[in-house]
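What follows is the residue order along each chain.
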Amino acid sequence: MSFCEPNSRCYSSSVREKIAMLKVRRTTPSALFFDTIDEPRERLLRWAHRSLEERRQRRAPIDHDLFHGSDLAEMVYHDFDGACAFCERPVDPSDGVSHFRPLSIDGDHDGERHTDHYSWLAYEWLNLFLICRICQKQRSDKFYVTGRRARFLATFDEVRAEERPLLIDPTIENPASHLSFLFSGECIPKRSSAKAKVTVDLLALNDDELVYRRHNAIETVVGAWKNALQDDADISGVALNTPFFGAWRDVLARTLSEFGIATLGASSGHSLVRRLRDLIEKNDRNGRDRMAAAIDLVRNSDQIRQAQFHRESAELERVFYPAIVRLPDVGLRAPQAEIKCVQITNFKAIDRLDISLREARSRKSGASCLMLLGENAVGKSTCLSAIALALLGTREAQKLRLSYSDLARSQAPESWDVWGREPLEVRLQLDAGSEPAIFIYDPVRGGVEGSSEQSTIVLGYGPHRYFAKARGRRGTSAAHGVRSLFDSRQALPDPTEWLDGLRGRAFDEVARTIRTILPVGDDDQLVNDTRSGICVFAQGQLTPVGQLSEGYRSVFAMVTDICRNLLEHWSNLEIAHGVVLVDEIETHLHPRWKMRVMSSLREAFPRIQFVVTTHDPLCVRGMDDGEVVVLARNEKGGITTLADLPDVSGMRVEQLLTSEYFGLSSTIDPELNLEIARLSEGVARDPSLKIGVEADKLISRLTVGDSASAQIIQEALLRYLQEREKPSDALGANARADAVKAVFLALRSSRAG
């Protein structure tokens, strides 16, 4: 746990001095905090005061980006001294601010009415916590209480008074009354505390990496203390620069307790150093030897306590834990993993390709994503296939029944079927704590090797994405979820068949997700009509899904299929993790929809990592700098990535098309470009050539402006100027006003059309 002495800042010049067994004292927020949250909080409360029926299919309008990289995030970051409130790991600012009471909770164990519970506390200062990415993933949307939850829309003080959480809150209670640390680095509950057991289990405070780091910190400080007792060595450097202050302070306190000092008394690094120096000065050699002997006593005692702790955990199988804490076995090797790096070797057209993904979004919430651009036949679809095979694991990948010729790279450029003896390999480096996902095919032995088990949920969608109306088209294996990447004839399952069987919370969970992506109004919703089946109620019209436009049905089917697969592993789509691969994301979409498709998908599935391909610059909207990669052929014909790309955010479509992302020299009609070039060449040969009429004709064919309004205004402006150049009696007195009026009418007509 984390801790801070009241009225003190726990920092030295070189390292954070986090107080592990005392409370964190929160500061009073500044006026800037209230200015920052005022408007988004008003929007949230308007939603919260809607009826339960209306809220069911509408997600809470929370500005999640506000918790990343904003003034608000910085305030909370400093309040917790840059360390996780639970495990003491240093927190990267990109991890953002989290919440003690999560904004969306698992409702499986206590009914659907709690699905959006605590969302109204999104901007409450005392609910804002600094929690590292690892603890965020461990806890997910779990928040267990003994008894009933607080009333919906209760004030924060009322929430605290009405609930008994099963998660230690270091800002209002002393973690030392619940937890103790062993020499081994393990964190164990005191007196069979249910709250301590849930906290340790839910946050995985005894995972191998954390225990190892704590153990090293404890041994470092205790070793320095022992040396100080023996030869009066200075302990301040070690004490002020060793992390996990809470863990080693607890161990030191127990060794001194064996010596007869009931309370250590020091609650910060500097005060602890002074206390230890004072003990050395006040004790003779005999007293120091006794303090050193107490270290060995506690170490031996901890070995007994450690064995007892492990034995009880194995024998009792967490009988002290509420049944709700027993997390389900989702059958995945790394269910919350994200891809950090892709390495592909000898796979189809790819000789060797390395692609690194961003660790986290910059000043935004959600998982990092990847968009692949490039001309045809540069391996964009191949990358999606390779990622799918590695994440599936060899056991599932073999169900696709792919032949070597489906995957191999020909060794002869003049022929596609000259196979080599080098194995093809796909290696995905996943985030911290997860083993890499590997797929290898050895042509000599004709066998598949690599990661046998599926790493995380992986879904793949080919470029066509039409759905079959016949029943029974959906496979049950994970391999079926990516088959359309390898077989373009594979149809999506009819979404209405599955949706028709959903009831209550499950139906609403899918409906609110679909609302986030589809261009529907505030009063529109998804309904299960008794006569027409699954329908979209939009603009006052009830329309069966089967009667929607091709683009609408395509997106509807894909999004529903994503929901369907995710709900097999997760009860809450807002916290569901996985990887979704989409080839040619722009298929069937109107330009307006293309511009928002990525941002909408990321909003609907904030923890899902999307890897997509596209040929359309409009789809780049919604991607961050560094998330768009361009594949191209090098001088030897191999596939590589372009380096030093400009920042994609904020670029206009025409700028994107003429940048390195799409590589066009101009967006003017090629024939017109050619005529201009010929005209320029003629002038270069004969400068006296009169080109006025010909040039005027070419210029008149150019459209000025890159928006509808600019183009309409330009047309009206040209007409006005032409009139102005006529004899004065031909130009009406109100010509300018008439031109403005004409522009207004044209804009309104354009909008209506």
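Model, not experiment: these values are computed from the prediction.

Asks: Can you walk me through the nonpolar core in this structure?
Replies: Of all hydrophobic cores here, the largest spans 82 residues; its most connected members are Phe67, Phe86, Trp225 and Trp248. It is helix 7 (residues 208–231) that provides the largest number of residues to this core, a total of 9 residues. The residue makeup of this core includes at least three contributed by each of domain 1 (31–167) and domain 2 (210–317). Of all hydrophobic cores here, the second largest spans 58 residues; its members include Cys369, Val545, Leu573 and Val582.

Asks: What is the right way to read unusual backbone geometry from this model?
Replies: Excluding glycine, residues mostly carry a negative phi; peptide bonds, for their part, are mostly trans. You will see that Asp232, though not glycine, has its phi angle at about 60°, which is positive. Relative to the elements of secondary structure, Asp232 occurs in the loop between helix 7 and helix 8 (236–241). Positive phi, normally seen in glycine, also occurs at Arg363, with a value near 60°. Within the secondary structure layout, Arg363 lies in the loop between strand 6 (350–356) and strand 7 (370–373).

Asks: What should I look at first to understand the environment of Glu603 in this one?
Replies: Residue placement: Glu603 occurs in helix 19 (residues 597–604). The spatial distance from the C-alpha of Glu603 to the C-alpha of Glu574 is 8.8 Å, given a sequence separation of 29 residues. Apart from the residues within four sequence positions on either side, Glu603 is in contact with Arg59 and Thr516.

Asks: Would you mind showing me how to read the packing of aromatic side chains here?
Replies: A full pass over the atoms with the stated rule returns 13 aromatic pairs. Between Phe100 and Phe143, the ring centres sit 5.4 Å apart and the planes meet at 80°, which makes this aromatic pair edge-to-face. Here the residue Phe100 occupies a position in the loop between strand 1 (98–99) and strand 2 (128–129), and Phe143 occupies one in the loop between helix 4 (133–139) and helix 5 (156–162), the gap between them amounting to 43 residues. The residues Phe100 and Phe143 share a single accessibility class, namely buried. A centroid spacing of 4.7 Å and a plane angle of 65° characterise the contact between Phe245 and Trp248, whose relative ring orientation is edge-to-face. Here the residue Phe245 and the residue Trp248 both occupy positions in helix 9 (residues 245–259), the gap between them amounting to 3 residues, near one helical turn. Overall, the relative accessible area of 0% leaves Trp248 in the buried class.

Asks: Would you explain the sheet that holds strand 15 (residues 578–582) in this entry?
Replies: Sheet strands pair by backbone hydrogen bonding; their relative direction is either parallel or antiparallel. Judged by pairing direction, the sheet is mixed, and its 6 strands sit side by side in the order 11-15-16-7-17-18 without closing on themselves. With one partner strand each, in any of the chains shown, strand 11 (458–461) and strand 18 (639–641) form the two edges of the open sheet. Sheet twist, expressed as the mean angle between neighbouring strand axes with direction ignored, is 20°. In this structure, strand 7 lies alongside strand 16 (residues 608–613), joined through 3 bridges in parallel fashion. By the bridge assignment, Leu372 is partnered in strand 16 with Thr613. The strands that helix 17 (residues 550–566) touches are strand 11, strand 15 and strand 16; relative to strand 11, the one it contacts most, it runs at about 165°.

Conventions adopted
Residues numbered from 1 in each chain as written. Predicted model: local features only at pLDDT ≥ 70, side-chain atom pairs only at ≥ 80, totals over all residues. Heavy atoms only, no water. Core = buried A, V, L, I, M, F, W, Y, C linked by side-chain atoms within 4.5 Å. Buried < 20%, exposed > 50% of the residue type's maximum accessible area, 1.4 Å probe, protein only. Helix = DSSP H or I, 4+ residues; strand = E, 2+ residues; numbered from the N terminus. Domains from an automatic or database assignment. Contact = heavy atoms within 4.5 Å. Phe/Tyr/Trp six-rings, centres within 6.5 Å; stacked < 30°, edge-to-face > 60°. Pairing = 2+ DSSP bridges. Axes fitted to C-alpha atoms, helices over the stretch in contact; angles between N-to-C directions.

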